[in-house]
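# Summary of the model geometry
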Amino acid sequence: MSSKKTKGKQRIKIKKIEKDEDRLVALSKRRNGIYTKLSELAILCGAHFAFLGYSASGKPYTFGSPSFQAVVERFLNGEASSSSSSSLQRSFFDAHHKAKIQELCELYNSLVDKAREEEAEEMKAAASVEPLPEDAWWKVDPMAVTDEEERKQLLEKFEGLYEKLCDEVDVRNQRGDAAAEN
């Protein structure tokens, strides 16, 4: 007879989980379990449920049957019985859509504000750049320079420009990586 390789389902002592990562995993699994049980109960009994919880970081989690918003509105309005009138359902539907539209408007406004800030920064940077003379040194053909000393100076300027460009590319790439993480 072979022995068991795992301990199987074990009863755990109920206390705060010390590791943050383990706590997040437990919250995720148990939250989904609660959602499942509430959904089953709503189907079996025809009851309406609203569940609201906050994670340790303050992120809200909601579940509702038929919807969280509908159950909360019914509770806040003091309605004791279930009204299946189309006007009530329409008001729940409208409230949900208004909330969603408000959320999208806030997102749009924040994106517009961010774009304006970036545009202002670009304008500021562009204003700080001095206009270039028509006979800029990098437009000079190195083969046309006959003086050896001038050619060396031109080469040093090109190398300096190359280093500055590489540094600027690195800085912009780091900014892009930091923005992508946020």
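Residues numbered from 1 in each chain as written. Predicted model: local features only at pLDDT ≥ 70, side-chain atom pairs only at ≥ 80, totals over all residues. Heavy atoms only, no water.

In the annotation of an unreviewed UniProt entry, the protein chain is listed under the name Agamous-like MADS-box protein AGL29 and assigned to Camelina sativa. Turning to the protein chain, the UniProt annotation filed under Subcellular location (unreviewed entry) states: "Nucleus". (UniProt positions renumbered as here; feature names shortened; annotations may be inferred.)

This brings us to the overall build of the protein chain. Broken down by element type, the protein chain carries 4 helices and 2 strands. Buried positions account for 11% of the 182 residues belonging to the protein chain. In the protein chain, the share of contacts with a sequence separation of at least 24, taken over all contacts with a separation of at least 6, comes to 17%. Split by element, the accessible area of the protein chain, about 16,400 Å² in all, is 55% carbon and sulfur. (Helix = DSSP H or I, 4+ residues; strand = E, 2+ residues; numbered from the N terminus. Buried < 20%, exposed > 50% of the residue type's maximum accessible area, 1.4 Å probe, protein only. Contact = heavy atoms within 4.5 Å. Areas by Shrake-Rupley, 256 points an atom, 1.4 Å probe, with all protein chains shown as cover.)

Turning our eyes to something else, we now look at helix α2 (residues 68–76). Residues of α2 that are buried: A70, V71 and R74. What you see down the axis of α2 is that its buried residues fit within an arc of 95 degrees, all on one side. Away from the buried face of α2 by more than 90 degrees, exposed residues F75 and L76 are located. One or two steps after α2, the chain reaches G78, where phi turns positive at roughly 75 degrees. (Arc of directions from axis to C-beta.)

It is worth spelling out a negative patch on the surface at this point. Residues D147, E148, E149, E150, E156, E159, E163, D167 and D170 make up a contiguous surface patch of negative charge. Tracing the chain through its elements places D170 in helix α4 (residues 148–181). Given the relative accessible area of 43%, D170 is considered partly exposed. (Patch = residues over 30% accessible without salt bridge, like charges linked within 9 Å, V, L, I, M, F, W, Y side chains within 5 Å. Salt bridge = Lys/Arg side-chain N within 4 Å of Asp/Glu carboxyl O. Lys, Arg positive; Asp, Glu negative; His and termini not counted. Charge placed at Lys NZ, Arg CZ, Asp CG, Glu CD.)

This paragraph deals with helix α1 (residues 20–45). For α1, built from 26 residues, the straight-helix expectation of 38 Å at 1.5 Å per residue is met to within 8% by its first-to-last C-alpha distance of 37 Å. Turning to α1, its buried residues are A26, R31, Y35, L38 and A42. On its buried face, α1 is in contact with β1 (49–54) and β2 (60–65). After α1 finishes, the residue G46 shows a positive phi value of roughly 70 degrees. (Expected span 1.5 Å × (residues − 1).)

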